[in-house]
Amino acid sequence: MNIVYIHGAGATPDSFNYLDAHLPHHDRIFLSYNSEDGFAPNLQAMLARLNGIDDIFFIAHSLGGIYALHLADRLGDAVKGVVTLATPFGGCDAAPIIQLFKPCQLYRDIGPHSPPIASGQRIEVTVPWLAVVTTAGRSHLINEPNDGVVTAKSMRQRQGVTFVEVETGHHEILMRRQTVEIIQARLEWMMRNAGMEAC
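Conventions we followed
Residues numbered from 1 in each chain as written. Predicted model: local features only at pLDDT ≥ 70, side-chain atom pairs only at ≥ 80, totals over all residues. Heavy atoms only, no water. Pairing = 2+ DSSP bridges. Helix = DSSP H or I, 4+ residues; strand = E, 2+ residues; numbered from the N terminus. Axes fitted to C-alpha atoms, helices over the stretch in contact; angles between N-to-C directions. Parallel < 35°, antiparallel > 145°, perpendicular 65-115°, else oblique. Left-handed = near helix turned anticlockwise from the far one by under 90°. Contact = heavy atoms within 4.5 Å. Nonpolar A, V, L, I, M, F, W, Y, C, P; charged D, E, K, R; others polar. Expected span 1.5 Å × (residues − 1). Buried < 20%, exposed > 50% of the residue type's maximum accessible area, 1.4 Å probe, protein only. Arc of directions from axis to C-beta.

Student: Tell me about the sheet that holds strand β1 (residues 2-6), and please be specific about residues and values.
Tutor: Judged by pairing direction, the sheet is parallel, and its six strands sit side by side in the order β2-β1-β3-β4-β5-β6 without closing on themselves. For this open sheet the edge positions go to β2 (27-31) and β6 (162-166), each flanked by a neighbour on one side alone. The average undirected angle you get between the axes of adjacent strands in this sheet is 15°. The pairing of strand β4 (residues 79-85) with strand β5 (residues 129-134) spans four bridges and is parallel. Bridge assignment links Leu-85 to a residue of β5, and that residue is Val-132.

Student: Outline the packing of helix α2 (residues 39-50) against helix α3 (residues 63-75), supporting the account with residue identities and numerical values.
Tutor: Between α2 and α3, whose axes approach to 10 Å, the crossing angle comes to 50°. Regarding the angle of α2 to α3, the classification is oblique. In terms of crossing hand, the pair formed by α2 and α3 is right-handed. Across the interface between the two elements, Phe-39, Asn-42, Leu-43, Met-46, Leu-47 and Leu-50 from α2 touch Ile-66, Tyr-67, His-70, Leu-71, Arg-74 and Leu-75 from α3. A class-by-class count of the residues in the contact of α2 with α3 yields nine nonpolar, two polar and one charged.

Student: Describe α2, listing the residues and the values that go with them.
Tutor: Between its first and last C-alpha, α2 extends 16 Å over 12 residues, near the 16 Å set by a 1.5 Å rise per residue. Along α2, the positions that sit buried rather than exposed are Phe-39, Asn-42, Leu-43, Met-46, Leu-47 and Leu-50. Viewed along the axis of α2, the buried residues span an arc of 140°, placing them on a single side of the element. Summarising the geometry of α2, the exposed residues directed more than 90 degrees from the buried face are Ala-40 and Ala-48. In this structure, the buried residues of α2 make contact with β1, β2, β3 (56-61), α3, α5 (105-110) and α6 (115-121). Directly beyond the C-terminal end of α2, a positive phi value near 85° is found at Gly-52.

Set out below in structure tokens:
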């Protein structure tokens, strides 16, 4: 199994240091991107990096989960499973307003009607997918239940996935033993169903 990590906006692959150190050994690929380069160019670079790689299992945080959605759609049978953490599948309702005061590519890419979010809603999930919804933390900019960054409603705006709630904040999910256990259980389940030997 090739674990492919995709970090969130403004982060780096180092955000997965805790999870990677505590998960069983697998071949690992860390995809990196700069949100200001734009979603489409980043996606193309990721596709090129994964060209020819099979048995992919994505672990993606926040915006990384939107990339994982589009990658899984394009890579087809090469992808065996996905775990997303605090991913805003429905986008960020505040992004168009924030964009007025702080223009940047990230806010253009994560609005509810932006191309990555809108086209992602039309993608049919065809692989086992577990979406972790984070429920602790509060942002004074968001009136709905949220994890300090993303609304629970946006994290749940996805068909064809299994949801599990974890009472932690948007970034803290990456440093929780519970997250390791969730991912490890999912990997073991995937390998049993695929008839693969656990590492």
